[in-house]
Amino acid sequence: MPLYALLFKGGLRHSELSNEYSDRFVEWAKKVASSSVPGSRFMQEGRLVSTNGVTNLKFDKDTIGGYMTVESESYEKAVAIAKECPILENDGYVEVREVIKPGS
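Model, not experiment: these values are computed from the prediction.

Across a sheet, paired strands are connected by hydrogen bonds in the backbone, their directions being either parallel or antiparallel. In spatial order, the strands read E2-E5-E1-E6; together these four strands make up an open sheet with antiparallel pairing. What marks the edges here is a single partner per strand, and that holds for strand E2 (40-41) and strand E6 (92-98).

Following this line, the structure appears as structure tokens:
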């Protein structure tokens, strides 16, 4: 079955979220995440490395705050899973990408 990465972007910082929201997000993630590749959240700071040097990243609407993977029969079904993500309630969004499995 195809594997899809859900990349969580924007929304409120983790420190700004209520415990109730965090509990709902964790329950949703447990229900839909692939057991073969766990997900996680990222620290707020990051670095962008390019041939022009290194730039400190700031948390904004395009910051990837975390990720998880889901197994799904199709892009459409993976998108339907993403539409249930609680991050959408906090002005965040979910980027859905199919993962190319090794050897494919």
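Having seen the structure, we can now continue with the description.
With that settled, the discussion passes to the nonpolar core. If you look at soluble globular proteins, the nonpolar side chains tend to sit buried side by side. Among the nonpolar cores identified, the biggest contains 17 residues, and Leu6, Phe8, Trp28, Met68 and Val94 are the most heavily contacted of them. For this core, the secondary-structure elements that each account for two or more residues are strand E1 (3-10), helix H1 (19-32), strand E5 (64-71), helix H2 (75-82) and E6. A total of five residues in this core trace back to one element, the largest contributor, which is H1.

The subject of this paragraph is unusual backbone geometry. Even without a glycine there, the phi angle at Asp91 is positive, about 65°. Relative to the helices and strands, Asp91 is located in the loop between H2 and E6. The class for Asp91 is exposed, based on a relative accessible area of 71%.

Parameters at a glance
- Residues numbered from 1 in each chain as written.
- Predicted model: local features only at pLDDT ≥ 70, side-chain atom pairs only at ≥ 80, totals over all residues.
- Heavy atoms only, no water.
- Pairing = 2+ DSSP bridges.
- Helix = DSSP H or I, 4+ residues; strand = E, 2+ residues; numbered from the N terminus.
- Core = buried A, V, L, I, M, F, W, Y, C linked by side-chain atoms within 4.5 Å.
- Buried < 20%, exposed > 50% of the residue type's maximum accessible area, 1.4 Å probe, protein only.

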